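# An overview of the molecular structure
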Amino acid sequence: MREIVLDTETTGFEPSEGHRIVEIGAVELHNHMPTGRHFHEYINPERPMPEEAFAVHGLGDEFLRTKPVFAHVSQAFVEFVGDARLVIHNAAFDMKFLNAELARLDMPQLPMTQALDTVALARRRFPGAPASLDALCRRFGIDNAARTLHGALLDAEILAEVYLELIGGRQPGLSLGAASSEGGARDTQSDAWRPGPRPRPLPRRITAEEAEAHAAMVARLGDDALWPSE
């Protein structure tokens, strides 16, 4: 299963008010494991940067003036995303900006059904607890010391770690509880992938002498031994 953990930085809150994307950061997961592939672009928004937005991400007019406009990176972005599930913190925000940029170019929209919102996932798992990215980093012991300003690629990398913890760590199928307390319904999010059996059994890693010594030790335990020697 292929997933893209994604974040954007923008000039403001509403694309309908003329605000634009200024940075996209995305990292690829395969079967919930990072592959090392990523997409990252700074984008010229073709408009001035408001002070409030600059205070959040530190991306100013002079820096962005030399960056490509969205039209020049749109095809590479769409090809990188493909039909993968998009893992986004507060997905509605990023999706409306991405789709507004795509609409300006008459390109197909990204369906909201393609996105998984980690804010909603965190609130379901920890009702009443803070669900910000910083709060979840504290909960899971994830180092976000480098996050002095918001940055799309850094936030996507941190979110990938948070997401893996939200679905049960790097072994999402490992769960001590088979059912939830709400009517026994299983959390299908953690059932998305299971490791298959090894194609060939691992070879024995102990020598014949070690096996013989173990058998002798178990024999000395007598009838109270909890495991057999073979």
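What this report covers is the structure whose coordinates are included nearby. Only a predicted model underlies this, so the values are computations on that prediction, with no experimental measurement involved. (Residues numbered from 1 in each chain as written. Predicted model: local features only at pLDDT ≥ 70, side-chain atom pairs only at ≥ 80, totals over all residues. Heavy atoms only, no water.)

## Some points on the pairing of strand 4 (residues 85-88)
This is how the line gets drawn: Any two strands between which DSSP finds at least two bridges are classified as paired. Counting from the N terminus, the helices are DSSP H or I runs at least four residues long and the strands are E runs at least two residues long.
The pairing of strand 1 (residues 2-10) with strand 4 spans four bridges and is classified as parallel. Of the residues in strand 4, the one forming a bridge with Val 5 is Val 87. The pairing of strand 4 with strand 5 (residues 115-117) spans three bridges and is classified as parallel. When the bridges of strand 5 are listed, Val 87 appears paired with Leu 116.

## A look at the sheet that holds strand 1
This is how the line gets drawn: A fitted line through C-alpha atoms represents every axis, and for helices the fit uses only the stretch in contact; the resulting angles, taken between N-to-C directions, go from 0 to 180 degrees. It only takes one pair of heavy atoms within 4.5 Å for two residues to be counted as in contact.
Strands sit in the order 3-2-1-4-5 across an open sheet of five strands; the sheet is mixed. For this open sheet the edge positions go to strand 3 (33-42) and strand 5, each flanked by a neighbour on one side alone. The sheet shows a mean angle of 25° between the axes of neighbouring strands, direction not considered. Sheet contacts for helix 3 (residues 70-81): strand 1, strand 2 (21-30), strand 3 and strand 4; angle to strand 3, the most-contacted strand, approximately 165°.

## Details of the side chain of Glu 28
To keep it simple, the criterion reads: Whenever two N or O atoms come within 3.5 Å, that pair is a polar contact, provided that in protein one can donate a hydrogen and the other can accept it, and provided that, for residues adjacent in sequence, both atoms are side-chain atoms.
With respect to the helices and strands, the residue Glu 28 is situated in strand 2. Within the structure, the side chain of Glu 28 is placed 3.0 Å from the side chain of Arg 37, a separation counted as a polar contact. Setting aside chain neighbours within four positions, we find Glu 28 in contact with Arg 2, Glu 3, Ile 4, Met 33, Pro 34, Thr 35, Arg 37 and Phe 80.

## What to know about the packing of aromatic side chains
Here is the rule we go by: Pairing of aromatic side chains here covers Phe, Tyr and the six-membered ring of Trp, requires ring centres within 6.5 Å, and sorts the geometry by plane angle: under 30 degrees stacked, over 60 edge-to-face, intermediate tilted. The buried label applies to any residue whose accessible area, calculated with a 1.4 Å probe on protein chains only, is under 20% of its type's maximum; exposed applies above 50%, and partly exposed to all values in between. Charges are assigned to positions over rings by a cutoff of 6 Å between ring centre and Lys NZ or Arg CZ, combined with an angular limit of 35 degrees from the ring normal.
What the rule picks out here adds up to five aromatic pairs. Judged by centre distance (5.9 Å) and plane angle (35°), the rings of Phe 39 and Phe 80 are tilted. Taken as a pair, Phe 39 in strand 3 and Phe 80 in helix 3 lie far apart in primary sequence, 41 residues in all. With respect to burial, Phe 39 and Phe 80 carry one shared label: buried. Through successive ring pairs, a cluster of aromatic residues spans Phe 39, Phe 77 and Phe 80. The cationic tip of Arg 2 hangs over the ring face of Phe 80; the distance from NZ or CZ to the ring centre is 5.5 Å. In this structure, Lys 67 packs its charged tip against the face of Phe 63, placed 4.5 Å from the ring centre.

## Things to note about the environment of Val 5
The topology assignment puts Val 5 in strand 1. Spatially, the C-alpha atom of Val 5 lies 9.5 Å from that of Leu 153, the residues being 148 residues apart in sequence. Excluding anything up to four places from it in sequence, Val 5 contacts Gly 25, Ala 26, Val 27, Leu 29, Val 87, Ala 156, Leu 159 and Ala 160.

## So, the pattern of salt bridges
To keep it simple, the criterion reads: Take a side-chain nitrogen of Lys or Arg and a carboxyl oxygen of Asp or Glu: if they are within 4 Å of each other, that pair is a salt bridge.
Inspection of every chain in the model, using the stated rule, returns seven salt bridges. Taking the shortest distance from any N to any O, the salt bridge between Arg 2 and Glu 28 comes out at 2.6 Å. With a gap of 26 residues between them, Arg 2 in strand 1 and Glu 28 in strand 2 connect regions that are remote in the sequence. Classification of Glu 28 by relative accessible area gives buried; the value is 8%. A salt bridge links Glu 28 to Arg 37; the shortest N-O distance between them is 3.0 Å.

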